[in-house]
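Descriptive structure summary
The residues making up each chain are set out below.
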Amino acid sequence: MDTFEVDYADMQDTATGFRDVATELRQAALVSVPVGQGVYAHARLASCVGEVVQALEDRRAALIASAEGLAENLDTCRTVYVTSDTVGEAVIGELTKIWDMVTGR
Amino acid sequence: MTGDPSSVLLAAQLHRSAGNLTSEAGVTASSLQVETWTGLASLAFRHTRTRFVSMLTDQTNDLRSAADLITDYAVVLRERGAVLETARAEVQAGWAKLRTNPLDPRALFDVLAAQSTFRITQAKLRSDGDYTADALYALIASDTPRTWGLTWPPEGWPEPGSLQTVELDEDILENASFDQENVSQGGIGDCYAIASIMALMQTNEGDQQLRDNLRWDAARSGYWVTLYDDGEPVRYFVDKGQLGGATENGQPGIATIYEAALSQHLGFTDLDDGGYPEDALAVLTGSSTKTYDDRPWLGWDVGGMRSDVADGAQLVASTRKPDNGDTWSIEATQRSTGGANETVTLDVVGAHAYTIVKVEQDGSVWLLNPWGSENSADGGGPFRVSAKDFNTIFHTVASTGGNS
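This section reports on the structure supplied with the text. Computed from a prediction, not measured in an experiment: that's the story for all the values here.

1. A look at the overall build of chain B
Across its full length, chain B holds 10 helices and 15 strands. Counting only contacts in chain B whose residues sit at least 6 apart along the sequence, the fraction spanning at least 24 positions is 66%. Only carbon and sulfur atoms are counted for the fraction: they give 49% of the accessible area of chain B, which is about 19,200 Å².

Structure representation (structure tokens):
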């Protein structure tokens, strides 16, 4: 079995960091981009700019979801690890009590 | 309509600003590590984080590229808009004079010249807009709706659609005929590139350049192809051609290899996005290119084009789009199977590129269609169009002339 080690605070900070990234990406929205043939004097280009803006916005939404997903999964992993530690400690505590009773300590 | 350059610039600035903010998010994401974390789950996390940062970088680059393209168009729009406004004012002033004196020849000349300038500038602006749109579409070419709802672990943006390919034999270079009449464009819309490759095959020097810029790599079973980016050589590895693309005598050939390299160079999923012969010639030869067009009052620079052909330069002519249908039906001169020249009726294809084989003193031009032999428009082989038809049908000639 592989060795395992982690600092819970480090995981929590990193999860917070990814939520900050999501916040930064929310500010990178392409809003109020001028479109329309009157602006570009070229119908196909005007339509193209609209499509490109939409595609880039779809990507941004996907990136925000990914950043939040990373943070959420880090939290989930940390919670599982903490729970395992707690359960492990409790089990070991019980075993220690039984051992003490058996050995009369 | 001359557009609104300030609003176009605003669109560019918004893209650049979004790109900068996305870049900052990328810097933040790059620094996010869980240094103390070991074990299998940590490996999965690091892999996902790396892909996420890579996607942020892609998004940053595409936003900035879009900003650059839109900025360039804004500049062009402003310049051409000024020309259009001036031409419009000159037309109005000329008509005012003509109303006063209908027999004023100078006023009539001014009106006609200004009208010509107006039409030409409008055509150039349309061309600029098409170029910008093509380049913008290329940025998002590989996106699909599957991008939506991407969640952890990110799947990444979909790979460009996998193109069907053909194998490239190691003896292509050895067996190549370098005969432009053996080349056929196939089903990909890259006439501008294939006509340019065919133009190179027109001279021994061009053949040699195509040969020198190809090298078979036995260890990797593919070809190294040298192209040029702003005159600087760049190399691409090509081990497969595009199925349905260019062939020579029906088989993968030199044009197939260069076509695949150009596809990599241009970053297109395929080469169906259109392009300009002057760009293709520059990428293929590393030379600066120039263009000829139908100058107001002066017409085509027949002497210049003749001189370029005589000097061994590569010339490719682009057709306009017909007002009706897709082709022009004209009478042309073509070589018969017996070798004599004969007058034939054939079609010249609109929005297409042709290799220029020869320019006659009277302004008539010998052309070669990259569609190759037995094609449905002209049957293949060089044909000559009259100077009058050339004026009607063609709008630009790209040339590598003047670089020797």
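2. Re the environment of Thr355(B)
Residues and elements named next belong to chain B. Along the chain, Thr 355 falls in strand 12 (residues 353-359). Those residues within four positions of Thr 355 in sequence are excluded, and the remaining contacts are Gln 180, Ala 195, Met 198, Ala 199, Gln 202, Leu 315, Trp 366, Leu 367 and Leu 368. Separated by 2.8 Å, the side chain of Thr 355 and the backbone oxygen of Ala 195 make a polar contact.

3. Some thoughts on the packing of aromatic side chains
Inspection of the entire model under this criterion finds 11 aromatic pairs over all chains. Each ring, one from Phe18(A) and one from Phe45(B), has its centre 6.1 Å from the other, and the planes form 85°; the classification is edge-to-face. Linking Phe18(A) in helix 1 (residues 8-27) with Phe45(B) in helix 2 (residues 40-100), this pair reaches from one chain into another. Each member of the pair, Phe18(A) as well as Phe45(B), is classed as buried.

4. Topic: the nonpolar core
Core analysis: the largest hydrophobic core is formed by 33 residues, its most contacted members being Leu30(A), Tyr40(A), Leu45(A), Val49(A), Val8(B), Tyr73(B) and Leu136(B). Mapped by element, the contributors of at least two residues to this core are helix 2 (37-40) and helix 3 (43-103) of chain A together with helix 1 (5-30), helix 2 and helix 3 (105-139) of chain B. When residues of this core are assigned to their parent elements, the largest contribution, nine residues, is made by helix 2 of chain B. Excluding residues within four positions of it along the chain, Val8(B) makes contact with Val39(A), Tyr40(A), Ile70(B), Tyr73(B), Ala74(B) and Leu77(B). If you look at the next biggest cluster of nonpolar residues, it comprises 31 residues, including Ile172(B), Met198(B), Tyr258(B) and Ala280(B).

5. Re the packing of helix 5 (residues 191-200) of chain B against helix 8 (residues 277-285) of chain B
A pair of packed helices can be characterised by two numbers: the angle between their axes and the separation between those axes. Residues and elements named next belong to chain B. One way to put it is that helix 5 packs onto helix 8 with a least axis distance of 8 Å and a crossing angle of 50°. In terms of axis orientation, helix 5 runs oblique to helix 8. Viewed along their axes, helix 5 and helix 8 form a crossing whose handedness is right-handed. Of the residues in helix 8, those touching helix 5 at Tyr 192, Ala 193, Ser 196, Ile 197 and Leu 200 are Pro 277, Ala 280, Leu 281, Leu 284 and Thr 285. In the contact of helix 5 with helix 8, the residues fall into eight nonpolar, two polar and no charged.

6. What about the pairing of strand 3 (residues 214-217) of chain B?
Residue and element names in this part refer to chain B. The pairing of strand 3 with strand 4 (residues 222-229) spans four bridges and is antiparallel. Paired with Trp 216 across the two strands is Tyr 223, which belongs to strand 4. The loop that links strand 3 with its antiparallel partner strand 4 comprises four residues; one of these, Ser 221, has a positive phi angle of about 55°.

Conventions adopted
Residues numbered from 1 in each chain as written. Chains lettered and ligands numbered in written order. Predicted model: local features only at pLDDT ≥ 70, side-chain atom pairs only at ≥ 80, totals over all residues. Heavy atoms only, no water. Helix = DSSP H or I, 4+ residues; strand = E, 2+ residues; numbered from the N terminus. Contact = heavy atoms within 4.5 Å. Areas by Shrake-Rupley, 256 points an atom, 1.4 Å probe, with all protein chains shown as cover. Polar contact = N/O pair within 3.5 Å; in protein donor to acceptor, adjacent residues only side chain to side chain. Phe/Tyr/Trp six-rings, centres within 6.5 Å; stacked < 30°, edge-to-face > 60°. Buried < 20%, exposed > 50% of the residue type's maximum accessible area, 1.4 Å probe, protein only. Core = buried A, V, L, I, M, F, W, Y, C linked by side-chain atoms within 4.5 Å. Axes fitted to C-alpha atoms, helices over the stretch in contact; angles between N-to-C directions. Parallel < 35°, antiparallel > 145°, perpendicular 65-115°, else oblique. Left-handed = near helix turned anticlockwise from the far one by under 90°. Nonpolar A, V, L, I, M, F, W, Y, C, P; charged D, E, K, R; others polar. Pairing = 2+ DSSP bridges.

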